[in-house]
Every structure is written in C-alpha cells, then in structure tokens.
Amino acid sequence: GESVGLHLPTLSVQEGDNSIINCAYSNSASDYFIWYKQESGKGPQFIIDIRSNMDKRQGQRVTVLLNKTVKHLSLQIAATQPGDSAVYFCADTQGGSEKLVFGKGTKLTVNP
Amino acid sequence: DTAVSQTPKYLVTQMGNDKSIKCEQNLGHDTMYWYKQDSKKFLKIMFSYNNKELIINETVPNRFSPKSPDKAHLNLHINSLELGDSAVYFCASSRTGSGNTIYFGEGSWLTVV
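All figures in this text were calculated on a predicted structure; none of them were measured in a lab.

Cut-off values and rules
- Each chain has its residues counted from 1, running along the sequence as written.
- In the order they appear in the text, chains get letters beginning with A and ligands get numbers beginning with 1.
- Local features in this predicted model are restricted to residues of pLDDT 70 or higher, and side-chain atom pairs are both shown and tallied only at a pLDDT of 80 or more, whereas totals for entire chains, interfaces and linings draw on every residue.
- Hydrogens and water are ignored here; the side-chain numbers use all heavy atoms of the structure.
- Only DSSP runs of H or I covering at least 4 residues are called helices, and only runs of E covering at least 2 are called strands; the numbering of each starts at the N terminus.
- When checking whether two residues touch, look at their non-hydrogen atoms; a contact exists if any pair is within 4.5 Å.
- Accessible areas in this description were obtained via Shrake-Rupley with a 1.4 Å probe; residue shielding takes into account the shown protein chains only.
- Within this scheme the basic residues Lys and Arg register as positive and the acidic residues Asp and Glu register as negative, but His and the chain ends are omitted.
- By convention, charge coordinates are those of NZ in Lys, CZ in Arg, CG in Asp, or CD in Glu.
- A carboxyl oxygen of Asp or Glu within 4 Å of a side-chain nitrogen of Lys or Arg is what we treat as a salt bridge.
- Burial here depends on accessible area, computed with a 1.4 Å probe over protein chains only, as a share of the maximum for the residue type. Under 20% is buried, over 50% is exposed, and the range in between is partly exposed.

Visitor: Lay out the overall build of chain B in plain terms, naming residues and giving numbers.
Guide: For chain B, the count of helices and strands is zero helices and eleven strands. Helices and strands in chain B line up, N terminus first, as β-β-β-β-β-β-β-β-β-β-β. Counting only C-alpha atoms and orienting by the principal axes, one finds that chain B spans roughly 35 × 30 × 25 Å. Considering only residue pairs separated by 6 or more positions, chain B has 54% of its internal contacts joining residues 24 or more positions apart. For chain B, the accessible surface area stands at approximately 5600 Å², while carbon and sulfur atoms represent 48% of it. Here chain B carries 12 positive and 11 negative side-chain charges, and the mean point of each set is 3 Å from the other.

Visitor: Help me get a handle on the pattern of salt bridges, residues and values and all.
Guide: Scanning the entire structure with this criterion turns up six salt bridges over all chains. Its salt-bridge partner being Asp84 of chain A, residue Arg61 of chain A comes within 2.9 Å of it at the nearest N-O pair. You can see Arg61 of chain A sitting in the loop between β6 (56–58) and β7 (62–67) and its partner Asp84 of chain A sitting in the loop between β8 (72–77) and β9 (86–94), a full 23 residues away along the chain. For Arg63 of chain B, the salt bridge goes to Asp85 of chain B, with nearest N and O atoms at 2.8 Å. Residue Arg63 of chain B is found in the loop between β6 (53–57) and β7 (64–70), and its partner Asp85 of chain B is found in the loop between β8 (73–78) and β9 (87–94); the two are separated by 22 residues along the sequence. A relative accessible area of 14% places Arg63 of chain B in the buried class.

This is how it looks when you write it as structure tokens:
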C-alpha cells in the first residue's frame, strides 16, 4: 500500500481561523516531504516542502511541521481565507527516489 | 506562460479507441512524469522519464505507452481504451534528483464511454 496517508478526509473552518491538516507516513526512508494544493479543475500546486533534516519550515501564512519520531507531517495555514478552499495533499519521496508518493488528500472548506 | 502544458484538457472517446495526450514543459527540466488521478482524487505515478530515458514504470497496463521525443516533451499514448481508464491524467516535470519540486500541468480529463 501507499506509505502516506491522512487522518481526516474533510476539514471545515471559518474564515480567519487557523487550519491544521495532518498526514502520516510509514516509510522511515522518506526524506523529502511536500504539500500540494489542488483547486477544482486544476493541477496540484506546490505549497511548501521540508527535508527530513528539519522539523519546521515556514512560508507565507503556511508552516509545515515534521515529526520523524511518530512519522507525522502537518500543514498549518494561518488566517484561512476562502481562496484556501481546495484539496490538500501531502507527498513524499523515499530514499533518494524521484518517485513522489501521494496521500489521499484532505478537502478544506473555508466558510465566510 | 504555462510551465507545464498538456493537451487536450478534455477528451471523451469510445471504448476500444486509441488516443494520445501531449505534454510540454518550458522549465528546462530533465525529468518528466505522468500521474493518474482517479475519481477519489487519489494521485499515483505512472511513468517518469529523464532525458528521454524511461526511469520509473509503475504497474501500468502495456496499453499505455509514453514517448519522449526530447526532454521537453512527454506524450502518453493509450491503446484499446477501457472504461476503467477514465481519469484525470497529469503531466509533471522537475529537475533531476530526489528532493526537487515537481511541477504539475493542469490535467487532461479522459472519459471513456
């Protein structure tokens, strides 16, 4: 089976709240992790990435946290906006491979 | 300018037909991919090419044949289309090596009737 999975298939938040999307992976050899955003009718769009030698990385309104002990990855979106509504995927590459393995996706809905 | 572009965006065809999806990237990347997304939004790699050479070939029926005429193009030809081939097919590209961001095209919606 796939090594990357998600805890919640859907997440609904109020505009302005912070969102947290979680992801679990099973392969200890995973060394590079990416979060993608996919809006309806479009391709996956890169949001942020993190390598296994880091435990936190911040971007604009987004933060990715990596906990290698429990093989857990999370994406935090600050001050969530309606434009953040999309399906979010975590993905990883394993042991130097270029093969990107995707999780199942979490649909984020932002209510005005 | 679209970085990874694929055509057609929508394709409706009958079972048994042969069809192709074309992909081009203008990012100067050496590696290109085809991913398939099913009705449950699950994304899975099918193939990857590096400098026109096949690198990754997942368990995909041999009715699917990728072709890379040069490193900026990776086309996907599908023979004898089946109902189960209906999906969204995404082309993608990246620089060579693990840990490089993979950039996706907008997808090609294939419906087999």
